[in-house]
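# Fold and geometry: a report
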Amino acid sequence: MSQLQQAMTMLISTFHKYSGKEGDKFTLSKGELKDLLNAELKEMFGQSKDQAALDKIFKDLDANADGSVDFQEYVTLVACITMLCNEFFTKK
Ligand SMILES: [Ca+2]
């Protein structure tokens, strides 16, 4: 597999590692999102002990406001972070 294909596979498997913990297997609950952010993205979000901050992130991500973060909403988050990283590395 190419590096990009590996990255896509990792993106998918990371989502399912957390989405399968409780409730709907194919969406992230607020608790699952918190675990994912703390374990996988803590350099970007900090260790989020602040419930209000987590509530806001969750609300912003839950674009269709159904109370869970689905795969599309998760990929949007990762894509946004990736774009910010790219801007950081290409800034002159
Ligand atoms: Ca949703």
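Residues numbered from 1 in each chain as written. Predicted model: local features only at pLDDT ≥ 70, side-chain atom pairs only at ≥ 80, totals over all residues. Heavy atoms only, no water.

Under an unreviewed UniProt entry, the protein has the name Protein S100 and belongs to Astyanax mexicanus.

## A word on the side chain of Ser29
Mapped onto the secondary structure, Ser29 falls in the loop between strand E1 (27-28) and helix H2 (30-40). Within the local environment of Ser29, its side chain forms a polar contact with the side chain of Glu22, the two groups lying 2.6 Å apart. In this structure Ser29 touches Glu22 and Phe58, once residues within four positions along its chain are discounted. (Helix = DSSP H or I, 4+ residues; strand = E, 2+ residues; numbered from the N terminus. Polar contact = N/O pair within 3.5 Å; in protein donor to acceptor, adjacent residues only side chain to side chain. Contact = heavy atoms within 4.5 Å.)

## Observations regarding the coordination of the calcium ion
Note on metal sites: the ideal angle is 109.5 degrees for four tetrahedral donors, and 90 or 180 degrees for six octahedral donors. For the calcium ion, every protein donor is listed as Asp62 (OD), Asn64 (OD1), Asp66 (OD), Ser68 (O), Glu73 (OE) and Glu73 (OE), and the spread of their distances is 2.2 to 2.7 Å. Between consecutive donor residues of the calcium ion, the sequence gaps follow D-x1-N-x1-D-x1-S-x4-E. On the basis of relative accessible area, Glu73 is assigned to the buried category, the value being 7%. (Donors = N, O, S within 2.8 Å, 3.2 Å for Na, K, Ca; no water. Buried < 20%, exposed > 50% of the residue type's maximum accessible area, 1.4 Å probe, protein only.)

## Looking at the pattern of salt bridges
Where side chains of opposite charge bring their charged atoms close, a pairing between them can arise. Per the stated rule, a full pass over the model turns up four salt bridges. The partner of Asp55 in a salt bridge is Lys30, with the nearest N and O atoms 3.0 Å apart. In this pair, Asp55 is assigned in helix H4 (residues 51-61) and Lys30 in helix H2, connecting sequence segments 25 residues apart. Under the relative-accessibility criterion, Lys30 is labelled partly exposed at 32%. (Salt bridge = Lys/Arg side-chain N within 4 Å of Asp/Glu carboxyl O.)

## Thoughts on the packing of aromatic side chains
Following the criterion strictly, the structure yields four aromatic pairs and no others. Aromatic pair Phe15 and Phe71: ring centres 5.1 Å apart, planes at 90°, arrangement edge-to-face. Taken as a pair, Phe15 in helix H1 (residues 3-19) and Phe71 in helix H5 (residues 71-90) lie far apart in primary sequence, 56 residues in all. A relative accessible area of 30% means that Phe71 is categorised as partly exposed. When the ring of Phe71 is compared with that of Tyr74, the centres are 5.6 Å apart and the planes differ by 45°; the resulting orientation is tilted. Of this pair, Phe71 and Tyr74 both sit in helix H5, three residues apart, roughly one helical turn. Among the aromatic residues, ring-to-ring pairing joins Phe15, Phe71 and Tyr74 into one connected group. (Phe/Tyr/Trp six-rings, centres within 6.5 Å; stacked < 30°, edge-to-face > 60°.)

## Observations regarding the packing of H1 against H2
Close contact between H1 and H2 brings their axes to 9 Å; oriented N to C, the two are set at 130°. The pairing of H1 with H2 is recorded here as oblique in orientation. The crossing of H1 and H2 is right-handed. Taking contact as the criterion, the partners of Thr14, Lys17, Tyr18 and Ser19 in H1 are, on H2, Glu32, Asp35, Leu36, Ala39 and Glu40. The residue makeup of the contact of H1 with H2, split by class, is three nonpolar, two polar and four charged. (Axes fitted to C-alpha atoms, helices over the stretch in contact; angles between N-to-C directions. Parallel < 35°, antiparallel > 145°, perpendicular 65-115°, else oblique. Left-handed = near helix turned anticlockwise from the far one by under 90°. Nonpolar A, V, L, I, M, F, W, Y, C, P; charged D, E, K, R; others polar.)

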